[in-house]
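Okay, here's what each chain looks like letter by letter:
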Amino acid sequence: MSQPHVQYGAGSGTSPFEPGAPTVEVKTARARFESPKAADHHLFRPTQAFTHDTGRPGIDPSRVIADWRLMYEWLDRDAEMASVCGFTAADLTPAFRRARIVELLSEVGPGRTFTVLPNEMQFWVRYSWLNSDRCSGRQHALQHAVIRYRPEVRSAVEMMRAAVDHAETAMNAPVPPQTVITVLGPPTPPGELGPMFITEQFLRPAGYRTSTSTNTGPDEQWTGDGGYLDVTDWVRRHGGEDLIAPMPGYRPGSFDVLPMVAMGADGELVMAAVPDSARYLIDIPWPRHPETDQSTPFSADDSGYGEPFACWPAVPLQTNFDLDIAGQRYCVMFNGWYVDEELATNFLDPRRYDWTTRVGEAIHGPVDREMLTRTDRFDEYRMAQIEIATLRAVRAGFKQARMKLNNLASSQNGFAKFCQRHLDTHGEMPPNDTGWTSNRIGSRFRFPSHPLPHVPQERGAALVKHWLTVKSLRPGAEVQIADLDEVGPVEAPRSGRHAKVSSGHPPLDSYNYSDYADSLVNWADEDTTEEPRGCPVGYTYRPS
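Below: a short report on this structure. (Residues numbered from 1 in each chain as written. Predicted model: local features only at pLDDT ≥ 70, side-chain atom pairs only at ≥ 80, totals over all residues. Heavy atoms only, no water.)

## Some thoughts on the sheet that holds strand β1 (residues 146–150)
Phase 1: A sheet is described by the order of its strands in space; here five strands give the open sequence β1-β2-β11-β10-β12, paired in mixed fashion. Where the open sheet ends on each side, the last strands, each with one partner, are β1 and β12 (462–465). Across this sheet, the average inter-strand angle for adjacent strands is 30°, counted without regard to direction.
Phase 2: By the bridge criterion, five bridges tie β1 to strand β2 (residues 180–188) in an arrangement that is parallel. Residue pairing for β2: R150 is matched across the bridge by L184. (Pairing = 2+ DSSP bridges. Helix = DSSP H or I, 4+ residues; strand = E, 2+ residues; numbered from the N terminus. Axes fitted to C-alpha atoms, helices over the stretch in contact; angles between N-to-C directions.)

## Looking at the sheet that holds strand β13 (residues 480–482)
Phase 1: In spatial order, the strands read β3-β6-β7-β13; together these four strands make up an open sheet with mixed pairing. Of all strands in the sheet, those with a lone pairing partner are β3 (196–197) and β13, marking the two edges.
Phase 2: Relative to β13, strand β7 (residues 269–272) runs parallel, the two sharing three bridges. Bridge pairing in β13 links A272 to A482.
Phase 3: Sheet strands in contact with helix α6 (residues 156–171) are β3, β6 (260–263), β7 and β13, and its direction is about 135° off that of β6. (Contact = heavy atoms within 4.5 Å.)

## So, the pairing of β2
In summary, the side chains of a regular strand alternate between the two faces of the sheet.
Phase 1: Among the nine residues of β2, seven are classified as buried, and the element is accordingly described as predominantly covered.
Phase 2: Viewed along the sheet, the connection from β1 through α6 into β2 turns out right-handed.
Phase 3: In terms of strand pairing, β2 meets strand β11 (residues 328–335) through six bridges, oriented antiparallel. By the bridge assignment, V180 is partnered in β11 with N335. (Buried < 20%, exposed > 50% of the residue type's maximum accessible area, 1.4 Å probe, protein only. Right-handed = clockwise from strand over helix to strand, strands pointing away.)

## Topic: α6
Phase 1: In this model, α6 (16 residues) spans 23 Å end to end at C-alpha, consistent with the 22 Å of a helix rising 1.5 Å per residue.
Phase 2: Buried residues dominate α6, accounting for twelve of its 16 residues.
Phase 3: Among the residues making up α6, those that are buried are A156, M159, M160, A162, A163, V164, H166, A167, E168, T169, A170 and M171. (Expected span 1.5 Å × (residues − 1).)

## Digging into the packing of aromatic side chains
Any aromatic ring pair is given by two values, namely how distant the centres are and how the planes are angled relative to each other.
Phase 1: Applying the stated rule across the entire model yields 21 aromatic pairs.
Phase 2: One aromatic cluster in this structure is built from Y250, F255, W286, F309, W312, F347, Y353 and W355.
Phase 3: It is R358 that lies over the ring of W355; its NZ or CZ is 4.2 Å from the centre. (Phe/Tyr/Trp six-rings, centres within 6.5 Å; stacked < 30°, edge-to-face > 60°. Lys NZ or Arg CZ within 6 Å of the ring centre and 35° of its normal.)

## A look at the pattern of salt bridges
Phase 1: Scanning the entire structure with this criterion turns up 23 salt bridges.
Phase 2: Close ionic contact of R209 with D233 constitutes a salt bridge, the shortest N to O distance being 2.6 Å. Taken together, the positions of R209 in strand β4 (residues 207–209) and D233 in helix α7 (residues 229–237) put the pair 24 residues apart, joining distant regions of the chain.
Phase 3: Note that D349 and R351 form a salt bridge whose closest N and O atoms lie 3.4 Å from each other. (Salt bridge = Lys/Arg side-chain N within 4 Å of Asp/Glu carboxyl O.)

## Some words on helix α11 (residues 408–426)
Phase 1: Counted at 1.5 Å a residue, the expected span for α11 with its 19 residues is 27 Å, and the 26 Å between its end C-alpha atoms agrees.
Phase 2: All of the buried residues along α11 are L408, S411, G414, F415, F418, C419, H422 and H426. The buried residues of α11 occupy an angular sector of 145° when projected down its axis, which confines them to one face. Facing away from the buried side of α11 by more than 90 degrees, the exposed set consists of K417 and D424.
Phase 3: Turning to α11, the residues buried within the fold contact α2 (61–77), α5 (118–130) and α8 (340–348).
Phase 4: For α11, the side-chain oxygen to backbone nitrogen distance between the N-cap and S410 is 2.8 Å, and the N-cap itself is N407.
Phase 5: Following α11 by one or two positions, G427 adopts a phi angle in the positive range, close to 75°. (Arc of directions from axis to C-beta. Polar contact = N/O pair within 3.5 Å; in protein donor to acceptor, adjacent residues only side chain to side chain.)

This is the structure we're talking about:
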């Protein structure tokens, strides 16, 4: 598009298509559409994070017009997008567009929200994904993604059950996980907090402080994941000690699964443990010296080390994002799959597990002593061996479990094709933070990375990460404890091999997106039954 990213227009005028009406996201009439002043919240302190998540401008009719005209322009240029989202020729006629925008304007008002139709929700979810400047997997937005809208979900317990269902849907693929995006609950107008997850991911390992200091610094010591010390402290202070689930067999405290924490639409704060059946974890074998014969498979025998090395969630299910459509927001959960270097970095990062010494002792110790060479005396070369060994172990663990795991090369190749398609279709490059997907292995992850100048997103719907965390909660906030296995509809027995799709594609829930479902690839024909994939904790595989 040759138009600038931000325009100042005259508003809606007498007609939604009057020349003065802007065609992109606008910043007009801010004085008339100020955000409602947020009252003191009963759960959150009046912090900068609270202001960021609530202090948004009110819904501007000019912005609604601009975003819907942008949507129709995209659909005119991209027939594949229109087909995937379920738009018909009748939905794109000038008369229907004019009537639709008039209908939207009749719903806009102070403290009110407007209705987003099912095919429009499909479009805005995909659009926000295609324009997420820090995502290198955006090419999948028009391919195998499963997008679901569940407006009936309101309470915190329903949100957590929806997260469990989301994880199961992600695992319902011959080569799991598949990409799934779930939009929850009714829309939230500016100035209010809607339903939201306080914890950022579905499965996160706990981190326990072992030093008396509460400030992270050079003297800070911990066991487990150092990135979740504050969350672990908060859970233990608020009666959730029994909700932290240890992983048997691993080093104590290394992979204890934290509970979910969510706030419902009515403002209730609930904490609940992730059910055993939904803890999809991958065993990571012990790293071995890079000069070991690579044709020899990684061994699952940990007897030489005294304990298993590590495990990690199979599904990177993000829960701390909102979908912003013209000012109103929805709680969103989404997952793709991990990048191998991302996981290797977690184990070696001094602020996370800091296992550089542990891996070094394993590959340079008695078990692999025959692999030592005289060049290992150089610290940089030794560190490179540790990084490569950890990276290969992560790849081996996911390969043995037959789970999807991306690498930097394939990710960048796919992203390059996406950028070319976007340029050919829309005449401009997509929003992109060119420094976000830089290589983390090769000793660079230990130092700050400075991204190159990038093109930010400035138009249309957006995926917005909220700032509120457990540190934003008031000290005396009331927390309810829920048991996700205690109530709810009884599920049909499952085989344990959750990666197998027995009846085609997973259900798309509230709406029948038949056009989209028919375009999905049928993976079932390529499936084999040699090994279990994505089995929950406690499941024992017994070949037939």
